[in-house]
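Structure assessment
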Amino acid sequence: MSENNSGFNSYFGFLMAAIGSAIGFGNIWGFPYKMGTHGGFAFLICYLVLCVFVGFIIMFGELFLGRREQKGPVGTYMMVGKRNNKNFMFMGWLAMLSAVFLMGFYCTLGGYVFKYMIANLGSMFHASWGVNADAATYFTTFVTDQGQAVIWAILFVVVTALICIGGVSGGIENFCKIGMPLLFLILIIMIVKAALLPGSAAGFAFIFKPQWSALAGKSLITTLGSAGGQMFFSLSLGMGAMITYGSYLGKNNNLQKSSITIVFFDTLAAVMAACAVFPAVFAFGLEPAGGPGLLFVTMQNVFDSMGAVGPLFGFLFYLLTTIAGVSSSISLLEVATVSLQELTGKGELKDGWSRMKAILVSSAIILVLNVIVAADGLGGTGMPQPLGFCWLDFFDLFSEGLMMPFGALVMALIIGWITGKDAVLAEATLEGEKFPAINFYMFCTKIIAPIGMAFILLGQIDSFFSLGLFS
Ligand code: TRP
C-alpha cells in the first residue's frame, strides 16, 4: 500500500488503533476531574466547541498529511517542505522529541497501573497478596520504593516494545481490535456498578451539574484554557501520531468521517470514565481529586470500601486503564520508531534503520528516561530536581506543555497557508467523496485553530509555571 509497507489490515483496525491512541490516561484521570471542577456541563460544552473548531480541524489535518505523503512525521514534513521550497525539518524533530519525552514518563505511570492491576488481582485470592495497607500509605510506599517502581516501568516499556515489534497490523492493530471493545465493555460494567451504589447521584451531579458561572467573565478564559489543554492532549494531537497512523490509512477511506469518529469515541470514553469514577467516589464519601491521586489513591479507596467484590472491580478498573495506556504508548513508540527510521534514511523509511533497530534504540532511550522518572517517585525520594519540577512534570512540561501545542499550532498554519485548499480537497475527495464544509475547514485551519492553539499553548505555560494569567 505504501512505503510503510506494513499498514493496517482493515479500516476497523485503523479506527481502533487511532481511537486507542487517543484514549489514554488523559481520559481517565484528567477529563473527569476537570469537568467536575470547571463547570460540569458548561465545561463539556466548551470542550465540544473546541473539538469542532480546533480538535477536529487538526485531527483531519494530521490524517490528511500522513495519508497524502504516505510517510511518518519526518518524511511528511520533508515532503511538504520540498513541495513548497521550504524547510520544515524542525517539525519532524519536534514530533520525535515530543513522543520520546511524553513516553519518558507515560511508561512510569503505566508501570504504576500494571502494579495496581496485579495487586488487586492478588487481593482476590489472599488479602496479604495485594493492596494491604490504607490506599494513601500504600501508594506513597510503592512510588518511593525505587526498585519496585523502576521494575514496573521497565515492564511497561518492554510490553510496549514487544507489541510494536509485532508490527503495525500484527501487533498494534491486533491489540487495539480486541482492546478497544473490551475497554468500552469494562467502562459499561463500571458505570452500572457505580450507579447502583447508594449515594452515587451526588457524583453525577458533581460531573454534570451546569455551573454557568464557569462561562461568565474571566472564568470563561480559565474554563476554555482547561478544556483546550485537555482536548488536544486527549486527542493525541501535535506530535504526528495521527500523521503516522494516517500514512497507514487506505486511499479509499473517508478522511472526514475518520476524523469525526476518532474525536467522537475519545470524547465518549472520557465522559464514560467520568460516569464510572465520580459516582463511586461520592457514594463512599470520598473527596474528588485529579491526577495520580485520583487514579491510585481515591479509586483504590473506592475499591477498598466495596467489600468482598472490591478487588474484582479494582482489577477490572486497572485493566481498563492498562488497555487505555498501552494502546496510547504503542502509538507513541510507533511515532518515535518511524521518525527515527526516516531521520536515518533522510526522509525515506527504506533507506534508514530497520524497524527492529529503530524500535530497540527508541525503547532504550525511553527506558532510561523512565528509570529516572520512576526512581524520582513523583519527587518523593529526594533526588535532585530540574528547575524545581519533579522529573515527571519536567518531561511533561516539554512535551504536553510546550512542544505538542506548538507542533499543532504550526501544522494548522502550514495546511492553511502553505498546503492550501486545492491540495486538501484533492486528497479528501479522491474517491469522489463530498466535502461540503471545505470553506469552513480552510477558514478554521487558517485562523481559528491557530488562535485556539496559541491560546492553549499559553494556557499550558500558565498552568506549568502557575503564572495566574488564566485564573
Ligand atoms: N491521548 C493520550 C491520553 O489521553 C495521550 C497522548 C497525547 C498521546 N499525545 C499522544 C498518545 C500521541 C499517543 C500518541 O492519554
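Refer to the structure printed above.
Here goes a summary of the coordinates provided. (Residues numbered from 1 in each chain as written. Predicted model: local features only at pLDDT ≥ 70, side-chain atom pairs only at ≥ 80, totals over all residues. Heavy atoms only, no water.)

1. Considering the pattern of salt bridges
Counted only if it meets this: By salt bridge we mean one thing: a side-chain nitrogen of Lys or Arg within 4 Å of a carboxyl oxygen of Asp or Glu. Working definition: helices are DSSP H or I runs of at least four residues, strands are E runs of at least two. Numbering for both runs from the N terminus. To sort residues, take the accessible area from a 1.4 Å probe on protein chains only and compare it with the maximum for the residue type: under 20% means buried, over 50% means exposed, and anything in between is partly exposed.
One pass over the structure, following the stated rule, counts eight salt bridges. In this structure, E173 and K177 form a salt bridge, with 4.0 Å as the shortest nitrogen-oxygen distance. One end of the pair, E173, and the other, K177, are both in helix 8 (residues 168–196), four residues apart, so they sit about a helical turn from each other. With a relative accessible area of 0%, E173 lands in the buried category. K177 gets classed as partly exposed once you look at its relative accessible area, which sits at 29%. Notably, a salt bridge pairs K350 with E348, separated by 3.7 Å at the nearest N-O pair. Owing to a relative accessible area of 22%, E348 belongs among the partly exposed residues under this scheme. Among the charged side chains, a salt-bridge network with shared partners connects R67, K251 and E427.

2. Remarks on a nonpolar patch on the surface
Here is the rule: Candidate patch residues must exceed 30% relative accessible area and have no salt bridge, after which like charges are joined if within 9 Å and Val, Leu, Ile, Met, Phe, Trp or Tyr side chains if within 5 Å. Per-residue and other accessible areas follow the Shrake-Rupley method at a 1.4 Å probe size, with only the shown protein chains counted as cover for residues.
Judged by side-chain polarity, F41, I45, V49, V52, F53, W212 and F440 come together as a nonpolar surface patch covering roughly 580 Å² of accessible area. Relative to the helices and strands, V52 is located in helix 3 (residues 41–69).

3. Concerning the packing of aromatic side chains
To be explicit about the condition: Classification of ring pairs uses Phe, Tyr and Trp, with its six-membered ring standing for Trp, and accepts pairs whose centres are within 6.5 Å; under 30 degrees between planes counts as stacked, over 60 as edge-to-face, and the remaining range as tilted. Two conditions define a charge sitting above a ring: the NZ of Lys or the CZ of Arg must be within 6 Å of the ring centre, and it must be within 35 degrees of the ring normal.
Going through the model one piece at a time under the given rule, you end up with 42 aromatic pairs. On the basis of an interplanar angle of 85° and a centroid distance of 5.5 Å, the ring pair of F8 and Y245 is categorised as edge-to-face. Note that F8 is positioned in the segment before helix 1 (11–22) and Y245 in helix 11 (residues 241–247), a separation of 237 residues in sequence. For the residue pair F8 and Y245, the accessibility class agrees, reading buried in each case. Between the aromatic rings of F8 and Y248, the centroid separation amounts to 5.6 Å while the plane-to-plane angle is 85°, which identifies the pairing as edge-to-face. Residue F8 is located in the segment before helix 1, and its partner Y248 is located in the loop between helix 11 and helix 12 (255–283); the two are separated by 240 residues in the primary sequence. Like F8, the residue Y248 is buried in the burial classification. Ring-pair connections join several aromatic residues into one group, and the members of that group are Y112, Y116, Y138, F139, F142, F296, F303, F317 and Y318. Of note, K446 hangs over the ring of W417, and the distance from its end group to the ring centre comes to 5.1 Å.

4. Focus: the site of the ligand
For clarity, the threshold we go by: If a single non-hydrogen atom of a residue is within 4 Å of a molecule or strand, that residue counts as near it. What qualifies as a polar contact is a pair of N or O atoms within 3.5 Å, subject to a donor-acceptor requirement within protein and to the restriction that residues adjacent in sequence count only when both atoms come from side chains.
The full set close to the ligand counts 17 residues, and A22, G26, Y106, F233 and S234 are the nearest of them. Residue A22 places a main-chain N or O atom 2.9 Å away from a nitrogen atom belonging to the ligand. A distance of 3.0 Å separates a nitrogen atom of the ligand from a polar atom in the backbone of S234. Protein burial of the ligand: of its 360 Å² of free accessible surface, 100% is covered by the chains.

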